[in-house]
Amino acid sequence: MKRLIPLLTALPLLADPGDKIYQEGFLSIEESHKSIELQDGYRLELALSDPHINEPVAMAWDGNGALYVVEMLTYMQDADATGEQEPKSRISRHEDTNGDGIYDKHSVFIDNLLLPRAVLPLDDRIMVHITNTLDLWTYRDTDNDGVADEKIKIHEGGPRGGNMEHQPSGLIWNLDNWIYLTYENKRYRFTDGKLEVQKLPRGGGQWGIGMDNAGRNYYSAAGGEKPAFYFQQPITYGALDLGGQEAPGFREVFPIADVPDVQGGKRRVNKRGGLNNFTGCAGQGIYRGDRLPADLQGDLIIPEPVGRLVRRAKVTRKDGKTVLSNAYPGTEFMRTRDINFRPLWATTSPDGAMMMIDMHRGIIQQGNWTRPKSYLRGVIDKWGIHKNIQKGRIYRLVHDSYKPDVQPRLLNKSTAELLPYLSHPNGWWRDTAQKLIILRKDRESVVPALEKIILTTVNGLGRLHALWTLEGMGKVDPKIVIAALNDESSIVRTSAVRVAEPFLADGNAEVIKALSNSEYVAEDIEMTLQAINSIGVSNPDHPVLAALVDGLLDKYSDNEVVNAIKNLRGSAIAARADARAQERLGKAFAKSMENGKVIYQQLCFSCHGGDGKGTPMPGQKGHFLAPSFLNNPRLAGNDKTTIRTLLHGLTGDIDGKKYEGLMVSMATNNDQWIADITTFVRNSFGNKYGLTHPNTVAALRKKHSSRKEPWTQSELEALSPPVLSNRKAWKLTASNNGGDLNGCVDGNPKSRYTTGSSMKAGMWVQIELPKLSKVSTVTLDARGSKGDYPRKYEVHVSKDGKKWGRPLAKGKGDNPLTAIDFDPTDAKFIRITQTGKHNLFWSIHELTINGKEL
């Protein structure tokens, strides 16, 4: 074991940043702990470590303070992810029996799981989510031995494919009583003891979800290098990000670990050899406790495992807009040179502090990013970090002023005894009390007491949680809503608008009157924003409510957030119009586009951007995380290049440009999933290339089943060249009405070539290319007409226009977009011959050929 070089200044600037290997293997627990730098007054206490936990990734407490730790024991046990998909992982249970802050009683609560991803203690049940499925289970220990002996499936979600880094996590019980996951555009809640599911406008995030006192969630995405997003409003009203919601330079990070093991390659390495920008952000949490300095309250704590650091972000909200800034410009809240420090979870704890997970290992990225010959694999092999496995730490963040709270025993309290904890200064206690009351069978017994809290309690957060507790029980009385709409606290009034939504939807005259006549709704910007959103999802056409919204939009016409919400509503209306247009193109197409859109919003948008143009790479002007989908020649013609890329991934330069790194394989998803995202990408962002069938995916999956490496551009183009861009140089002739041929190559889908007479066998269209080319697909687009596509066809090619040979392709047209695919072949002349007949003319609005000049 080698010791760390103690002083950063002892290292000279190197010609090759990160070249100096300054640590091998593990430091001792004491050395590792001592190596972590924190800002003045703060320190870490070790609460739990290996050998009691190994490979920890998430955690949560039950109502009595027992800690449940998710342990991915098979995650990246070598650089090739050998054995990763074996069900050998677990969730462990830990107790602090003497109140000294150190967990001293340990048990394996659930064993032999496939990479568990999330845990949510309910009452005496523990909800669990694992990899490769959307099923949800509850486990219970019925004999108090610390080991679960009851297992019940509470939700049949079905299989979930995809890289294991790109599957849901979270399971957070939110203020609004819904349970949220990352990625999925769904949320869950218990209604009368049964789990129900509701669709969301979209999903978000990657690993972990944070929540503030108002119930706004904070997502992050390592793939898109986004440390926090979608935190402006609850995601149920639409995913909203605003320009300037991060202070300038917020994404630049300041590590002291000079290790270049970053998935973004050398462009993500700073001058000393460490990370230069957020990339592995995960497990972020808002501090909502009461035992650390008051100025930490409401701040967002963002673990960055690739950089071996933790950011403290100040959260400032003004005029309805939240802005994040680095609390310590030019440095970090927490950082170390220990190469194995991998922080990836931060959450408020029952003792009033904040607890953090250090997975404590060498490799943090999953195997798709560490393949042989990749940049990252080279660093891993050089530093030998693939050997550093099966450790783990959980730290408690404390301050010089810290005094721990008493240990909770909420599971032992009666339902009535839980009520005072709704006003507790620590958000963990408030959340847990609210959850437990809602899950209790005798919950209705405390309805009058909850109403009294809302009407008389001084504590605003207590009134807030009492209101949401009634909502979770389905026992909100209109009179209580009306009182809450006029509460002296903005956070209560704003939540009251949300709670009022069922009454607004039902047209409850008293509630509508109370909202529209409220003295606060037009003066409190938070209430204003919520009113616009809530009316929009409940009863936008009610004349009184519509007038209220119009007045608010007019008054705040210069407010950035109001205008963003207005635009978001307009986008939703436009999306519904698009969906109706897609249905006119066939139910299968519309369904595939709907599913593909969800997939794109879950995964692809982080790198390719919401507009498909590619996400700009922070700090790298003119560079993007991924290529644009606009006018992309590889999407046109046939769908095979897109499918191959999704099945096996893509690496290397594209058209001479470097991108963030590897496009990983999505082959663990089924054929329909691949077909849906292919259809969406090839029919969005100005593209109109038709439906991809799952049988096409299945055929390519089988054909390339032995392939283990990602494709390169040159390999893909050899199999299926992009669309030729030299149409202006083509010479076109036809058997009929040749004077109209320019109409199919002028780039205007409204113009066309037509035979001028009914289809019959022997009609042909011929293209002479300017040079001999390797061609593979001819696409005849007749979508601007009513069914005048070729009923039957053959395609012949020739190098000299004299020797034609046998047809390369024969087929039958069955829709206005006819993509005629064949193996790449050398040709200068291409002839499409009509072999069928029909009363309609044969028309071509746009003609494209996939090929590459030789």
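The coordinates are above.
Our subject in this report is the structure included herewith. Small disclaimer: the values here were computed from a predicted structure and weren't measured.

Conventions adopted
- Residues numbered from 1 in each chain as written.
- Predicted model: local features only at pLDDT ≥ 70, side-chain atom pairs only at ≥ 80, totals over all residues.
- Heavy atoms only, no water.
- Helix = DSSP H or I, 4+ residues; strand = E, 2+ residues; numbered from the N terminus.
- Rg over C-alpha atoms; globule rule 2.2 N^0.38 Å.
- Buried < 20%, exposed > 50% of the residue type's maximum accessible area, 1.4 Å probe, protein only.
- Contact = heavy atoms within 4.5 Å.
- Areas by Shrake-Rupley, 256 points an atom, 1.4 Å probe, with all protein chains shown as cover.
- Pairing = 2+ DSSP bridges.
- Axes fitted to C-alpha atoms, helices over the stretch in contact; angles between N-to-C directions.
- Arc of directions from axis to C-beta.
- Polar contact = N/O pair within 3.5 Å; in protein donor to acceptor, adjacent residues only side chain to side chain.
- Phe/Tyr/Trp six-rings, centres within 6.5 Å; stacked < 30°, edge-to-face > 60°.
- Parallel < 35°, antiparallel > 145°, perpendicular 65-115°, else oblique.
- Left-handed = near helix turned anticlockwise from the far one by under 90°.
- Nonpolar A, V, L, I, M, F, W, Y, C, P; charged D, E, K, R; others polar.
- Salt bridge = Lys/Arg side-chain N within 4 Å of Asp/Glu carboxyl O.

Each helix and strand counted, the protein has 18 helices and 33 strands in total. Computed over the C-alpha atoms, the radius of gyration of the protein is 30 Å, within 12% of the 29 Å expected from 2.2 N^0.38 for a compact globule of 854 residues. Principal-axis analysis of the C-alpha atoms gives the protein an extent of 95 × 75 × 50 Å. Across the 854 residues of the protein, 59% fall into the buried class. Of the contacts formed within the protein by residues at least 6 apart in sequence, a portion of 67% connects residues at least 24 apart. Carbon together with sulfur atoms contributes 51% to the accessible area of the protein, which is approximately 34100 Å² in total.

Each strand in a sheet pairs with its neighbour through backbone hydrogen bonds, running either in the same direction (parallel) or in the opposite one (antiparallel). One open sheet holds the 4 strands; their spatial order is β7-β8-β9-β10, and the pairing between them is antiparallel. In this open sheet, the two strands that pair with only one neighbour each are β7 (116–121) and β10 (150–155). Each strand axis lies, on average, 30° off the axis of its neighbour in the sheet, ignoring direction. Here strand β9 (residues 136–140) pairs with β10 via 5 bridges, running antiparallel.

This next bit is on helix α7 (residues 478–485). Within the span of α7, buried status applies to Ile480, Val481, Ala484 and Leu485. Down the axis of α7, the buried side of the element spans an arc of 140°, and every buried residue falls inside it. Considering only its buried residues, α7 is in contact with α5 (447–456), α6 (460–473), α8 (490–499), α9 (501–505), α10 (509–517) and α11 (525–538). The opening residue of α7, the one whose side-chain oxygen lies 2.8 Å from the backbone nitrogen of lysine 479, is aspartate 477.

Most peptide bonds take the trans configuration, and most residues that are not glycine carry a negative phi. Cis rather than trans, the peptide bond between aspartate 50 and proline 51 has omega equal to 15°. Phi angles above zero are rare outside glycine, and asparagine 112 is one such case at about 60°. Tracing the backbone shows asparagine 112 in strand β6 (residues 105–113). Even without being a glycine, leucine 115 presents a positive backbone phi close to 40°. Among the secondary structure elements, leucine 115 is positioned in the loop between β6 and β7.

As a further point, take the sheet that holds strand β16 (residues 217–221). One open sheet accounts for 3 strands, arranged β15-β16-β17; its pairing is antiparallel. A single partner strand is all that each edge strand has here, and the edge strands are β15 (210–211) and β17 (226–229). Pairing geometry for β15 and β16, over 2 bridges, is antiparallel. Looking at the pairing, methionine 211 lines up with asparagine 217 of β16.

The next point concerns the packing of aromatic side chains. What the rule picks out here adds up to 21 aromatic pairs. When the ring of tyrosine 600 is compared with that of phenylalanine 680, the centres are 5.5 Å apart and the planes differ by 45°; the resulting orientation is tilted. On the criterion of sequence distance, the pair formed by tyrosine 600 in helix α14 (residues 587–608) and phenylalanine 680 in helix α16 (residues 671–681) is long-range, its members being 80 residues apart. The same class applies to tyrosine 600 as to phenylalanine 680, namely buried. Grouping aromatic residues by their ring pairs yields a cluster made of Tyr219, Phe229, Tyr230 and Phe605.

With that settled, the discussion passes to the packing of helix α15 (residues 640–648) against helix α17 (residues 694–703). Where α15 meets α17, the closest approach of the two axes is 10 Å, and the angle between their N-to-C directions is 60°. Our classification of the angle between α15 and α17 gives oblique. Between α15 and α17 lies a crossing whose hand is right-handed. Contacts from Lys640, Ile643, Arg644 and Leu647 in α15 reach Thr696, Val697, Leu700, Arg701 and Lys703 in α17. Looking at the contact of α15 with α17 residue by residue, the class counts come to 4 nonpolar, 1 polar and 4 charged.

According to the stated counting rule, one finds 61 salt bridges in the structure shown. Arginine 216 is the partner of aspartate 212 in a salt bridge, and the nearest nitrogen-oxygen pair spans 3.2 Å. Its relative accessible area of 8% is what places aspartate 212 among the buried residues. For aspartate 671, the salt bridge is made with arginine 701, and the minimal N-O distance between the two is 2.8 Å. Taken together, the positions of aspartate 671 in helix α16 and arginine 701 in helix α17 put the pair 30 residues apart, joining distant regions of the chain. Look at aspartate 671 and you get partly exposed, because its relative accessible area is 22%. Here the salt bridges share partners, and the residues they tie into one network are Arg43, Glu45, Asp351, Arg396 and Asp400.

Everything listed here is a matter of coordinates, which is why it stays silent on function.
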